[in-house]
Amino acid sequence: SNQPYEMMVDGVKVIVQPGGNDIVVIQTAIKGGVQNYDAGKAGIENMAINALTECGTEKDDKNTFKNKVDKVSAQISGFSGMDYSSFTLNCIKSDFETVWPLYTAALSSPRFDGKEFDRIKQDMINSINANESSPDNAIDKMSKQNAFAGKKYAIDPQGTVKTVGSLTAADTKKYWQSIFTKSRMVIVVVGDLDKATIQKKVGEFLTTIPAGKPFVA
(Lines give C-alpha, C1' and ligand atoms only; values in the text may rest on other atoms or scores of the structure.)
Protein backbone atom coordinates (compact mmCIF):
# COMPACT_ATOMS: atom_id res chain seq x y z
CA SER A 1 0.00 0.00 0.00
CA ASN A 2 1.06 3.59 -0.51
CA GLN A 3 -0.19 4.71 2.88
CA PRO A 4 2.33 6.33 5.23
CA TYR A 5 2.91 4.49 8.50
CA GLU A 6 4.93 4.80 11.69
CA MET A 7 6.82 2.24 13.71
CA MET A 8 9.15 2.17 16.69
CA VAL A 9 12.58 0.64 16.11
CA ASP A 10 14.74 0.27 19.21
CA GLY A 11 13.01 3.20 20.92
CA VAL A 12 13.15 5.54 17.89
CA LYS A 13 10.10 6.66 15.91
CA VAL A 14 10.46 5.85 12.22
CA ILE A 15 7.97 7.49 9.84
CA VAL A 16 7.67 5.85 6.43
CA GLN A 17 6.13 7.38 3.31
CA PRO A 18 6.16 5.01 0.31
CA GLY A 19 7.62 6.95 -2.61
CA GLY A 20 6.14 5.62 -5.82
CA ASN A 21 9.43 6.15 -7.69
CA ASP A 22 13.09 5.14 -7.75
CA ILE A 23 14.32 7.77 -5.28
CA VAL A 24 15.02 7.04 -1.63
CA VAL A 25 15.28 9.93 0.82
CA ILE A 26 16.09 9.30 4.48
CA GLN A 27 16.22 12.06 7.05
CA THR A 28 17.47 11.72 10.61
CA ALA A 29 16.25 14.58 12.76
CA ILE A 30 17.86 15.54 16.09
CA LYS A 31 15.45 17.42 18.34
CA GLY A 32 16.30 20.51 20.36
CA GLY A 33 17.91 23.06 18.07
CA VAL A 34 18.97 26.19 19.95
CA GLN A 35 17.87 24.81 23.31
CA ASN A 36 20.70 22.24 23.10
CA TYR A 37 23.49 24.77 23.78
CA ASP A 38 24.28 28.09 25.47
CA ALA A 39 24.53 31.38 23.57
CA GLY A 40 28.33 31.27 24.04
CA LYS A 41 28.42 28.09 21.94
CA ALA A 42 26.08 29.36 19.19
CA GLY A 43 26.96 27.67 15.91
CA ILE A 44 28.29 24.47 17.51
CA GLU A 45 25.47 22.26 16.26
CA ASN A 46 25.64 23.77 12.79
CA MET A 47 29.41 23.15 12.71
CA ALA A 48 28.92 19.58 13.96
CA ILE A 49 26.36 18.82 11.24
CA ASN A 50 28.68 20.30 8.58
CA ALA A 51 31.64 18.36 9.93
CA LEU A 52 29.83 15.02 9.48
CA THR A 53 30.41 15.19 5.72
CA GLU A 54 33.25 17.72 5.54
CA CYS A 55 35.75 16.19 7.97
CA GLY A 56 35.61 12.53 6.95
CA THR A 57 34.57 9.42 8.87
CA GLU A 58 36.66 6.94 10.85
CA LYS A 59 36.79 4.76 7.74
CA ASP A 60 37.19 7.40 4.99
CA ASP A 61 38.88 10.77 4.82
CA LYS A 62 36.83 13.65 3.41
CA ASN A 63 37.87 13.12 -0.22
CA THR A 64 37.39 9.34 -0.21
CA PHE A 65 33.98 9.79 1.41
CA LYS A 66 32.89 12.41 -1.13
CA ASN A 67 34.18 10.35 -4.06
CA LYS A 68 32.18 7.31 -2.94
CA VAL A 69 29.02 9.43 -2.66
CA ASP A 70 29.61 11.22 -5.97
CA LYS A 71 30.35 7.96 -7.79
CA VAL A 72 26.69 6.94 -7.43
CA SER A 73 25.33 10.52 -7.79
CA ALA A 74 23.94 10.40 -4.26
CA GLN A 75 23.66 13.33 -1.87
CA ILE A 76 24.34 13.39 1.85
CA SER A 77 23.91 16.71 3.60
CA GLY A 78 22.77 18.37 6.81
CA PHE A 79 20.80 21.31 8.11
CA SER A 80 20.77 23.00 11.51
CA GLY A 81 17.83 25.11 12.65
CA MET A 82 16.01 26.65 15.60
CA ASP A 83 14.10 23.52 16.69
CA TYR A 84 16.02 20.62 15.24
CA SER A 85 18.89 19.57 13.03
CA SER A 86 18.59 17.07 10.24
CA PHE A 87 20.90 14.92 8.19
CA THR A 88 19.64 13.60 4.86
CA LEU A 89 20.47 10.88 2.37
CA ASN A 90 19.14 11.09 -1.18
CA CYS A 91 19.90 8.33 -3.68
CA ILE A 92 18.48 6.03 -6.34
CA LYS A 93 16.95 2.88 -4.84
CA SER A 94 19.47 0.61 -6.61
CA ASP A 95 22.32 2.52 -4.90
CA PHE A 96 20.79 2.36 -1.42
CA GLU A 97 22.98 -0.58 -0.28
CA THR A 98 26.09 1.43 -1.24
CA VAL A 99 25.03 4.78 0.23
CA TRP A 100 23.39 3.70 3.51
CA PRO A 101 26.71 2.57 5.14
CA LEU A 102 28.31 5.92 4.16
CA TYR A 103 25.37 7.83 5.62
CA THR A 104 25.34 5.91 8.91
CA ALA A 105 29.15 6.16 9.22
CA ALA A 106 28.93 9.96 8.88
CA LEU A 107 26.38 10.05 11.71
CA SER A 108 27.85 7.50 14.09
CA SER A 109 31.61 7.59 13.46
CA PRO A 110 32.51 11.05 12.12
CA ARG A 111 36.24 11.83 12.14
CA PHE A 112 36.16 15.55 13.04
CA ASP A 113 39.60 15.93 11.46
CA GLY A 114 41.19 19.10 12.91
CA LYS A 115 42.59 20.50 9.67
CA GLU A 116 39.32 20.04 7.78
CA PHE A 117 37.43 21.45 10.76
CA ASP A 118 39.52 24.64 10.69
CA ARG A 119 38.78 24.95 6.98
CA ILE A 120 34.99 24.76 7.41
CA LYS A 121 35.22 27.04 10.45
CA GLN A 122 36.85 29.72 8.28
CA ASP A 123 34.16 29.19 5.61
CA MET A 124 31.46 29.62 8.27
CA ILE A 125 33.07 32.83 9.61
CA ASN A 126 33.24 34.21 6.05
CA SER A 127 29.59 33.34 5.55
CA ILE A 128 28.55 35.01 8.86
CA ASN A 129 30.49 38.14 7.87
CA ALA A 130 28.76 38.16 4.47
CA ASN A 131 25.34 37.76 6.14
CA GLU A 132 26.00 40.59 8.56
CA SER A 133 26.59 42.99 5.71
CA SER A 134 23.14 42.13 4.29
CA PRO A 135 20.47 44.56 5.61
CA ASP A 136 17.66 41.97 5.43
CA ASN A 137 19.62 39.49 7.51
CA ALA A 138 20.59 42.16 10.02
CA ILE A 139 16.95 43.21 10.52
CA ASP A 140 15.80 39.60 10.81
CA LYS A 141 18.46 38.91 13.43
CA MET A 142 17.72 42.05 15.44
CA SER A 143 13.98 41.39 15.50
CA LYS A 144 14.60 37.85 16.79
CA GLN A 145 16.98 39.10 19.46
CA ASN A 146 14.41 41.67 20.61
CA ALA A 147 11.40 39.36 20.48
CA PHE A 148 13.18 36.57 22.35
CA ALA A 149 15.55 38.63 24.54
CA GLY A 150 17.10 36.44 27.23
CA LYS A 151 15.55 33.28 25.80
CA LYS A 152 17.08 30.48 23.76
CA TYR A 153 15.23 31.62 20.62
CA ALA A 154 17.40 34.74 20.55
CA ILE A 155 20.30 32.46 19.59
CA ASP A 156 21.22 32.30 15.91
CA PRO A 157 21.94 28.65 14.96
CA GLN A 158 24.68 29.91 12.59
CA GLY A 159 26.47 31.50 15.55
CA THR A 160 28.58 34.67 15.55
CA VAL A 161 32.14 35.28 14.40
CA LYS A 162 33.19 35.17 18.05
CA THR A 163 31.34 31.98 19.06
CA VAL A 164 32.27 30.04 15.91
CA GLY A 165 35.84 31.32 16.10
CA SER A 166 36.26 29.78 19.54
CA LEU A 167 35.03 26.30 18.57
CA THR A 168 37.50 23.42 18.36
CA ALA A 169 37.15 20.11 16.54
CA ALA A 170 37.47 18.22 19.85
CA ASP A 171 34.76 20.28 21.62
CA THR A 172 32.42 20.03 18.65
CA LYS A 173 32.91 16.27 18.41
CA LYS A 174 32.17 15.93 22.13
CA TYR A 175 29.06 18.08 21.70
CA TRP A 176 27.86 15.93 18.77
CA GLN A 177 28.30 12.76 20.81
CA SER A 178 26.23 14.32 23.61
CA ILE A 179 23.20 15.06 21.40
CA PHE A 180 23.41 12.11 19.01
CA THR A 181 21.19 9.85 21.11
CA LYS A 182 18.12 7.73 20.43
CA SER A 183 16.07 9.90 22.79
CA ARG A 184 16.46 12.93 20.47
CA MET A 185 16.04 11.13 17.20
CA VAL A 186 13.27 10.75 14.63
CA ILE A 187 13.91 9.02 11.30
CA VAL A 188 11.82 9.71 8.20
CA VAL A 189 12.00 7.38 5.21
CA VAL A 190 10.51 8.35 1.84
CA GLY A 191 10.87 5.63 -0.74
CA ASP A 192 9.82 2.18 -1.86
CA LEU A 193 11.75 0.10 0.66
CA ASP A 194 9.87 -2.73 2.28
CA LYS A 195 9.16 -2.63 5.99
CA ALA A 196 11.45 -5.56 6.84
CA THR A 197 14.42 -3.89 5.09
CA ILE A 198 13.82 -0.61 6.92
CA GLN A 199 13.50 -2.39 10.28
CA LYS A 200 16.69 -4.36 9.69
CA LYS A 201 18.83 -1.45 8.43
CA VAL A 202 17.62 1.07 11.01
CA GLY A 203 17.81 -1.55 13.78
CA GLU A 204 21.46 -2.39 12.97
CA PHE A 205 22.34 1.30 12.85
CA LEU A 206 20.65 2.07 16.18
CA THR A 207 22.48 -0.67 18.10
CA THR A 208 25.59 1.55 17.95
CA ILE A 209 23.86 4.65 19.38
CA PRO A 210 23.39 5.49 23.08
CA ALA A 211 19.82 5.80 24.41
CA GLY A 212 20.41 9.19 26.05
CA LYS A 213 18.27 10.92 28.66
CA PRO A 214 14.59 11.44 27.88
CA PHE A 215 14.27 14.63 25.85
CA VAL A 216 11.72 17.31 26.76
CA ALA A 217 11.21 20.19 24.34
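Description of the structure in this document. (Residues numbered from 1 in each chain as written. Predicted model: local features only at pLDDT ≥ 70, side-chain atom pairs only at ≥ 80, totals over all residues. Heavy atoms only, no water.)

## Description of the overall build of the chain
In step 1: Secondary structure assignment for the chain yields eight helices and six strands.
In step 2: Secondary structure elements of the chain occur, N-terminal to C-terminal, as β-β-β-α-α-β-β-α-α-α-α-α-β-α.
In step 3: Seen along its three principal axes, the alpha-carbon backbone of the chain occupies a region of about 50 × 35 × 30 Å.
In step 4: Taking as baseline every contact in the chain between residues at least 6 positions apart, the subset at least 24 positions apart corresponds to 80%.
In step 5: Total accessible area on the chain stands at roughly 11000 Å², and carbon and sulfur atoms take up 52% of it. (Helix = DSSP H or I, 4+ residues; strand = E, 2+ residues; numbered from the N terminus. Contact = heavy atoms within 4.5 Å. Areas by Shrake-Rupley, 256 points an atom, 1.4 Å probe, with all protein chains shown as cover.)

## Observations regarding the pattern of salt bridges
In step 1: This model, assessed by the stated rule, comprises nine salt bridges.
In step 2: As a salt-bridge pair, glutamate 116 and lysine 62 come within 3.8 Å of each other at their nearest N and O atoms. Separated by 54 residues along the polypeptide, glutamate 116 in helix α4 (residues 114-132) and lysine 62 in helix α2 (residues 62-71) bring together distant segments of the chain.
In step 3: Across the pair glutamate 97 and lysine 201 runs a salt bridge, and its minimum N-O distance is 2.8 Å. Of this pair, glutamate 97 sits in helix α3 (residues 96-108) while lysine 201 sits in helix α8 (residues 195-206), and the two are 104 residues apart along the sequence.
In step 4: Three or more residues joined by partner-sharing salt bridges are found here, namely Glu54, Lys62, Lys66, Glu116 and Arg119. (Salt bridge = Lys/Arg side-chain N within 4 Å of Asp/Glu carboxyl O.)

## Some remarks on the nonpolar core
Buried together is how nonpolar side chains tend to be arranged in soluble globular proteins.
In step 1: One finds Val14, Ile26, Trp176 and Ile187 to be the most contacted residues of the largest nonpolar core, which totals 57 residues.
In step 2: Take this core: its biggest share by element is seven residues, from α3.
In step 3: Setting aside its immediate chain neighbours within four residues, tryptophan 176 contacts Ile30, Ala48, Ile49, Leu52, Leu107, Pro110 and Phe112. (Core = buried A, V, L, I, M, F, W, Y, C linked by side-chain atoms within 4.5 Å. Buried < 20%, exposed > 50% of the residue type's maximum accessible area, 1.4 Å probe, protein only.)

## Quick word on α8
In step 1: Between the first and last C-alpha of α8 there are 16 Å, a value that for twelve residues agrees with the 16 Å anticipated at 1.5 Å per step.
In step 2: Taken together, the buried positions of α8 are occupied by Ile198, Lys201, Val202, Gly203, Phe205 and Leu206.
In step 3: Buried residues in α8 make contact with β1 (5-9), β2 (12-17), α3 and β6 (185-190). (Expected span 1.5 Å × (residues − 1).)

## Focus on the packing of aromatic side chains
In step 1: By the definition in use, this model includes eight aromatic pairs.
In step 2: Linked through ring pairs, Phe87, Phe96, Trp100, Tyr103, Trp176, Phe180 and Phe205 together constitute an aromatic cluster. (Phe/Tyr/Trp six-rings, centres within 6.5 Å; stacked < 30°, edge-to-face > 60°.)

## Here we look at the sheet that holds strand β3 (residues 23-31)
In step 1: Read across the open sheet, the six strands follow the order β1-β2-β6-β3-β5-β4; overall the sheet is mixed. The open sheet has two edge strands with one neighbour each: β1 and β4 (75-80). Looking at each pair of strands side by side, their axes are set apart by 20° on average, direction ignored.
In step 2: Where β2 meets β6, five bridges bridge the pair, whose relative direction is parallel. When the bridges of β6 are listed, isoleucine 15 appears paired with valine 188.
In step 3: Sheet strands in contact with helix α1 (residues 44-54) are β4 and β5 (84-92), and its direction is about 20° off that of β5. (Pairing = 2+ DSSP bridges. Axes fitted to C-alpha atoms, helices over the stretch in contact; angles between N-to-C directions.)

## A look at the pairing of β2
In step 1: Of the two faces of β2, the one holding Val12, Val14 and Val16 is buried and the one holding Lys13, Ile15 and Gln17 is not buried anywhere.
In step 2: Across five bridges, the pairing between β1 and β2 is antiparallel. Note that in β2 the partner of tyrosine 5 across the bridge is valine 16.
In step 3: Following β1, the chain reverses through two residues before pairing antiparallel with β2; aspartate 10 in that reversal takes a positive phi of roughly 50°.

## Quick word on the side chain of serine 109
In step 1: Checked against the element boundaries, serine 109 lands in the loop between α3 and α4.
In step 2: The class of serine 109 is buried, set by a relative accessible area of 17%.
In step 3: Not counting chain neighbours up to four residues away, the residues in contact with serine 109 comprise Thr57, Glu58 and Thr104.

## A few points about unusual backbone geometry
With the exception of glycine, most residues fall at negative phi, and the peptide bonds are largely trans.
In step 1: The backbone of aspartate 10 shows a phi angle near 50°, a positive value even though the residue is not glycine.
In step 2: Among the structural elements, aspartate 10 can be located in the loop between β1 and β2.
In step 3: Overall, the relative accessible area of 41% leaves aspartate 10 in the partly exposed class.
In step 4: Backbone geometry at serine 73 places phi at a positive 55°, although glycine is not the residue there.
In step 5: Mapped onto the secondary structure, serine 73 falls in the loop between α2 and β4.

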